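Coordinate inspection notes
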Amino acid sequence: MRKIWMLVVLSFLFLTVNACINSQDPKITVEAVVSHLSDEEFDEVGLHGLEDPSKDGSRKFTIDFEVEHSSTITSKVEFPRNGSWQEAINSIDSNRDRYWFGEGYEQNNDDANVARYYREFVFYSKGLDKQEISEAFNSIIIDLYLDKEEGDSIEKEYKVSDLVEFDENKTS
């Protein structure tokens, strides 16, 4: 009976120590989605100068990048400047301005051990396929630098074109 009790205590200690070690690892969440506009979003879009404007010829790109970490880690994120997104989507075909409008924000609170970067924009997608849209983001890179108290450093590079997913659900 004593051996069983000792085994239970040791197992509990092992699980506790293992959980503490794993909680030191940063949690990185990246979501990049190209989706259709809802009816409401489409109604808000100005369609000046477009041939045969339609809801199907418009898309919204959204990226949400978040890093959560323990207090023993410091993070630095180099997130693309606002103009980079416009340049990327307009690079598909140089004779057309595809970027319409967008917004974003960043929250980087060292005391909260979290960094979050968000960007969304609406663009003219008529005549484009998924590959062309995805390739437009080849030049957009997010760099993440993590420094652990023990002196370990981690550098990660996220190429947005590799992250893009397409939501084919048409919203109304």
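So, here is what we can say about the structure in this document. (Residues numbered from 1 in each chain as written. Predicted model: local features only at pLDDT ≥ 70, side-chain atom pairs only at ≥ 80, totals over all residues. Heavy atoms only, no water.)

Glancing now at the overall build of the protein. Of the regular secondary structure elements, the protein holds 5 helices and 8 strands. Listing every helix and strand of the protein by position from the N terminus yields α-β-α-β-β-α-β-β-α-β-β-α-β. Surface exposure of the protein reaches about 11,000 Å², of which carbon and sulfur atoms provide 48%. (Helix = DSSP H or I, 4+ residues; strand = E, 2+ residues; numbered from the N terminus. Areas by Shrake-Rupley, 256 points an atom, 1.4 Å probe, with all protein chains shown as cover.)

Among the secondary structure elements, N113 is positioned in the loop between strand 4 (99-109) and strand 5 (114-124). For N113, a relative accessible area of 19% puts it in the buried group. When neighbours within four sequence positions are excluded, N113 is seen to be in contact with V67, E68, H69, S70 and S71. (Buried < 20%, exposed > 50% of the residue type's maximum accessible area, 1.4 Å probe, protein only. Contact = heavy atoms within 4.5 Å.)

Before going further, it helps to examine the nonpolar core. Judged by nonpolar contacts, the single largest core of 28 residues is most densely connected at F61, F65, V77, W85, F137 and V160. Every element with two or more residues in this core is listed here: strand 1 (27-36), strand 2 (58-68), strand 3 (73-78), helix 3 (82-90), strand 5, helix 4 (130-136) and strand 6 (141-148). Within the second largest apolar cluster, 6 residues are counted, among which are F42, V45, V122 and Y124. (Core = buried A, V, L, I, M, F, W, Y, C linked by side-chain atoms within 4.5 Å.)

Attention shifts here to the packing of aromatic side chains. Taken as a whole and assessed by the stated rule, the structure comprises 12 aromatic pairs. When the ring of F79 is compared with that of Y117, the centres are 5.2 Å apart and the planes differ by 25°; the resulting orientation is stacked. Note that F79 is positioned in the loop between strand 3 and helix 3 and Y117 in strand 5, a separation of 38 residues in sequence. F79 gets classed as buried once you look at its relative accessible area, which sits at 18%. Assessed through its relative accessible area of 3%, Y117 is described here as buried. With a centroid separation of 6.4 Å and 55° between ring planes, the pair formed by W85 and F137 is classed as tilted. Here W85 is found in helix 3, whereas its partner F137 is found in the loop between helix 4 and strand 6, with 52 residues between them in sequence. (Phe/Tyr/Trp six-rings, centres within 6.5 Å; stacked < 30°, edge-to-face > 60°.)

We now examine the environment of T62. Following the sequence through the fold, T62 ends up in strand 2. Sequence-wise, T62 and A32 are 30 residues apart; in three dimensions their C-alpha atoms are separated by 5.6 Å. Sequence-distant contacts of T62, that is, excluding residues within four places in its chain, are made with E31, A32, V33, Y118, R119 and E120.

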